[in-house]
Amino acid sequence: MRVLVVGSGGREHAIVWAVSRNRDVDKIYAAPGNAGMSGLAECIPIEATDLETLADFARANRVDLTIVGPEAPLALGITDVFAARGLKIFGPGRASAQIESSKVFAKEFMKRHSIPTAQFSAFDSLEESLAFVRKRDGALVIKADGLAAGKGVVIAQNSREAEKALRSMMEDRSLGDAGAKVVIEELLEGPEVSVMALCDGETILPLAPAQDHKRAFDGDRGPNTGGMGAYSPVPVLDPPMMERVYSEILVPTLEGLREEGIPYKGVLYAGLILTGDGPMVLEFNCRLGDPETQAVLPRLDGDLVSLAQACVEGRLSEVALHWKNEACVCVVAASAGYPGRYEKGKSISGLDRIKEHEDVLVFHAGTAFRDAGSGRKEIVTSGGRVLGVAALGKDIETARCRAYQAIKEISFEGIFWRSDIASKR
Ligand code: AMP
Ligand code: GLY
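Residues numbered from 1 in each chain as written. Chains lettered and ligands numbered in written order. Predicted model: local features only at pLDDT ≥ 70, side-chain atom pairs only at ≥ 80, totals over all residues. Heavy atoms only, no water.

A.B. asks: What is the right way to look at the packing of helix α7 (residues 126-134) against helix α8 (residues 159-171) in this model?
C.D. replies: Packed helix pairs are characterised by how far apart their axes lie and by the angle those axes make with each other. One way to put it is that α7 packs onto α8 with a least axis distance of 9 Å and a crossing angle of 170 degrees. As judged from the angle between their axes, α7 and α8 are roughly antiparallel. The residues of α8 that touch α7, namely those facing Leu126, Ser129, Leu130, Val133 and Arg134, are Ser159, Ala162, Glu163, Leu166, Arg167, Met170 and Glu171. When its residues are assigned to classes, the contact of α7 with α8 shows 6 nonpolar, 2 polar and 4 charged. (Axes fitted to C-alpha atoms, helices over the stretch in contact; angles between N-to-C directions. Helix = DSSP H or I, 4+ residues; strand = E, 2+ residues; numbered from the N terminus. Parallel < 35°, antiparallel > 145°, perpendicular 65-115°, else oblique. Contact = heavy atoms within 4.5 Å. Nonpolar A, V, L, I, M, F, W, Y, C, P; charged D, E, K, R; others polar.)

A.B. asks: I tried to follow the packing of aromatic side chains on my own but got confused; where do I start?
C.D. replies: Two descriptors summarise a pair of aromatic rings, namely the distance from one centre to the other and the angle between the planes of the rings. A full pass over the atoms with the stated rule returns 5 aromatic pairs. Here Phe123 and Phe132 contribute two aromatic rings whose centre-to-centre distance is 5.2 Å and whose plane-to-plane angle is 55 degrees, an arrangement assigned as tilted. For the pair Phe123 and Phe132, a shared accessibility class is recorded, and that class is buried. Considering the side-chain rings of Phe217 and Phe416, the 6.1 Å spacing of their centres and the 50 degrees angle between planes classify their relative orientation as tilted. With Phe217 in strand β13 (residues 215-217) and Phe416 in strand β23 (residues 415-416), this residue pair connects regions lying 199 residues apart in the sequence. Here Arg287 stacks its cationic end above the ring of Tyr269, 5.8 Å away from the centre of that ring. The ring of Phe369 has Lys377 lying over it, and the distance from NZ or CZ to the ring centre is 5.0 Å. (Phe/Tyr/Trp six-rings, centres within 6.5 Å; stacked < 30°, edge-to-face > 60°. Buried < 20%, exposed > 50% of the residue type's maximum accessible area, 1.4 Å probe, protein only. Lys NZ or Arg CZ within 6 Å of the ring centre and 35° of its normal.)

A.B. asks: Where do I start with the site of ligand 1 in this structure?
C.D. replies: Taken together, 14 residues form the shell around ligand 1, and within it Glu185, Glu186, Leu188, Glu192 and Glu283 come nearest. Glu185 is positioned with one of its side-chain polar atoms (N or O) 2.7 Å from a nitrogen atom of ligand 1. Coverage of ligand 1 by the protein amounts to 89% of the 470 Å² it exposes when considered alone. Residue assignment for the shell around ligand 1 shows that the elements contributing at least two residues are β7 (140-144), β8 (153-156), β9 (182-186) and β17 (278-285). Looking at the shell around ligand 1, its residues break down into 7 nonpolar, no polar and 7 charged. (Near = heavy atom within 4 Å. Polar contact = N/O pair within 3.5 Å; in protein donor to acceptor, adjacent residues only side chain to side chain. Areas by Shrake-Rupley, 256 points an atom, 1.4 Å probe, with all protein chains shown as cover.)

A.B. asks: I'm lost on the site of ligand 2 in this one. Help?
C.D. replies: Ligand 2 sits among Asp212, Gly226, Tyr269, Asn285, Arg287, Gly289, Asp290, Pro291 and Glu292. In the environment of ligand 2, an oxygen atom lies 3.2 Å from a nitrogen or oxygen atom belonging to the side chain of Asn285. Relative to its free-state accessible area of 190 Å², ligand 2 is covered by the protein chains to the extent of 90%. Considering only residue class, the shell around ligand 2 consists of 2 nonpolar, 3 polar and 4 charged.

A.B. asks: Mind showing me how you'd approach the sheet that holds strand β3 (residues 42-43) here?
C.D. replies: Strand pairing in a sheet is mediated by backbone hydrogen bonds. Such pairs are either parallel or antiparallel. Ordered by their spatial adjacency, 5 strands build an open sheet running β3-β2-β1-β4-β5, and the pairing between neighbours is parallel. Each having just a single partner strand, β3 and β5 (89-90) make up the two edges of the open sheet. Helix α1 (residues 10-20) contacts β1 (2-7), β2 (27-32) and β4 (65-68) of the sheet and is inclined by roughly 170 degrees relative to β1. Packed onto the sheet, helix α11 (residues 304-312) meets β4 and β5 and runs at close to 95 degrees relative to β4. (Pairing = 2+ DSSP bridges.)

Quick look at the structure:
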């Protein structure tokens, strides 16, 4: 069997790793992939958003299944392009990917189906949005409607800060067209968890929950990032709370999408906040989380390829998920300056030594090969999040200690990581 994985980050490296464990898979392609995946997959230099070229490649190379990592190709309609050519692909179509690609769509959808989420108003006029925030006091959350790579949310402590965020998004177009419309919502409080669920349009099967760490620095300080580390399972999401998430959020979401004529097939990611009034949705994503996937897939006691196939073929009701009785903690090593400007091309050392650590997996994110002369190649940094070190252990504390011991083996100029991943539970 031949599998194509679309994307180039740590999440996609974890997907490639999970796919490689299936004995029926004899060829994995990654487009465009990264240096870490190249041991398991052939990296093909096609961008994740170059949909027609990807479909041509899948056809020409008799790919049996394509798994899409990031949101951008899904929002552009990669699934529709592949399906129109009779190619099997795991991920929602363009219409259902709107659950992530438009916050206004997602919030209005939740309102129509009584799915618990923060109270909100949506605006496409700067003047009206300013009039709205001027009448308020206290904190508000301002969200750009479109995809903004994690930069589209501002927590404004007062109406002055809200006004500044609105002007930046809607007037200065700091996020391009993503900020043409905005959602303004109430600030909620509570621990956040990520619940990713497999969907085949009819059945929804939640994966083990994970918790991300969005801020750049220890103690949840500094700017928001794509995610600096994750762990699974999540003790605060106890079985009764998980039952509420399932019946109050996941099932009504899948049913609502089906009723609206866009049955959802793929991974539905619910970013949740556990408030005093119960679980509420902060955001939906139409894909696996990064770095949540790197903390969840190592715990899967089963085969990702057959799960993805069951989703595509509408057979999810026949499937049961099993998890290892172990925790996983993934710590991300990033380049100095991330999530702002950072330098690339720094030589990475310690990748061989880390292989000696038991129960530790290294998932590359921003890495590339560089010619080191005499036919040798070295691995260098090529992104803000460079790699994630994931460790399994009998409990979260054991996994956490292992991940931190292992990450110390890695070095490159400007390396930094958070030292408190999975320490506040
Ligand atoms: P989002 O992309 O919508 O998940 O927002 C990014 C981050 O902003 C979330 O992970 C939360 O930490 C924070 N956030 C978003 N919406 C709210 C809200 N209504 N109340 C509190 N925090 C929020
Ligand atoms: N870690 C957050 C996300 O994948 O959106």
